[in-house]
Each structure stands twice: as C-alpha cells, then as structure tokens.
Amino acid sequence: MNHAHTPFTPTDSGSHSHAINPGEPGAHSHALAASSDHTHSINPVGSGEHAHTVAASLEATTAPSAPNTITLDVPIKRGTTHIAEIILRKPNAGELRGLSLQRLHQADTDELLKLLPRITSPSLTPPECAQLDPADLSEAGGIIISFLLKKSLRDAVLQSA
C-alpha cells in the first residue's frame, strides 16, 4: 500500500512518501528531514493503520537562525507565553517617517524604541520594546544600523570584522 503525508516536524519542512507492504507486518525507519528519524509501526492485520513516532531533536530540524534574528537574553512575557526570539525586518522608507536617520545611526534608544514595533516579528508593542534587556536592545541597534548601510558598504564592514 502506498501513501504520502506531511511529516510532523517543528519546522514543517515538507512531505515525504513511502511504500508499505501489508503482507509483511513490522516496522521501518527512514530519514524525514535533516538528520531526524521517523518510524512507523504497521498494524499486522494489514489494514494499513500505523502509528508514527518522530524522534528528532529541535536542533536537528530547525534551520540556522537568520542573520536578523535575535535570541533574547531576557524573554518578553506576553500573557502566559514567553517570546524568546525576535526577527527584525529591514524597514522601508515609509516606516522611517518621523525618525532621525542620524539618531538611528547612533543607535539612539528613543529612535530604536520607535522603530522596533514597526519591524519586529512577532510584532512587539511599544511597552514590550521598552522592557527589552539593554543587551538585546543593543543587538537590535546593531542590526538596524546595518539595515541603513548600502549593501556594498555593509558587506565590506562585515568582511573586515
């Protein structure tokens, strides 16, 4: 019996297919994503029913962090959840309205706190941004400054670092 399905992975990385021979009950394993393992136990009656077990570490199935991702030293509390990681998106000119580019280049706290709610994912509120740990705000400032540089200059700065 052939079947295809979407695997359960923390990153939901796609789908796979395989063949099960109902005449040979048993179990098999195969690679699911990256280096994770996925096993099936096949119902010996041959009904095609089977159970799935995914044995994978989160590190093995998650892609490396994007360069604009900040793992927060101090997670942000939002109700009963904690935000441990934020992604900064490069702002467009309209999202910079009312802000001073000079003050952003200087990583001015007030300017950073005005811009962050506009470019964070998940979207942070101004009070949440104001509660960021200074080290996390400083890292965000560095990323924001890199957004303001021309690509050629940014690449040259990164190569010399």
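Every chain begins its residue count from 1, and numbering advances along the sequence as written. Reporting in this predicted model follows two pLDDT cut-offs: at least 70 for local features of residues, and 80 or more for side-chain atom pairs to be given and counted; totals over whole chains, interfaces and linings ignore these cut-offs and use all residues. The side-chain values count all of the structure's non-hydrogen atoms but skip hydrogen atoms and water molecules.

**Student:** Would you mind going over the sheet that holds strand β7 (residues 81–88) with me for this structure?
**Tutor:** Sheet strands associate in pairs through backbone hydrogen bonding, adopting either a parallel or an antiparallel arrangement. The strand order β6-β7-β8 describes an open sheet built from 3 strands, whose pairing is antiparallel. Of all strands in the sheet, those bounded by a partner on one side alone are β6 (69–78) and β8 (120–121). Whether two strands pair comes down to DSSP finding at least two bridges between them. Counting from the N terminus, the helices are DSSP H or I runs at least four residues long and the strands are E runs at least two residues long. Here 2 bridges tie β7 to β8, and the two strands are oriented antiparallel to one another. Along β8, the bridge assignment pairs L88 with T120. Only heavy atoms matter for contacts: two residues are in contact if any of them lie within 4.5 Å across the pair. Comment: axis = line fitted to C-alpha atoms, over the contacting stretch for helices; angle = value between 0 and 180 degrees taken between N-to-C directions. Packing of helix α5 (residues 134–148) onto the sheet brings it into contact with β6 and β7, and relative to β6 it is tilted by some 130°.

**Student:** Before we go on, may I ask you to explain unusual backbone geometry in this structure?
**Tutor:** Among all residues save glycine, negative phi is the norm, and among peptide bonds the norm is trans. Cis peptide bonds are those with omega within 30 degrees of zero, and the linkage from S121 to P122 qualifies with 0°. Turning to its location among the elements, P122 is positioned in the loop between β8 and α4 (126–130). We note that A107 has phi near 55°; this positive angle belongs to a residue other than glycine. Topologically, A107 is positioned in the loop between α2 (101–105) and α3 (109–119).

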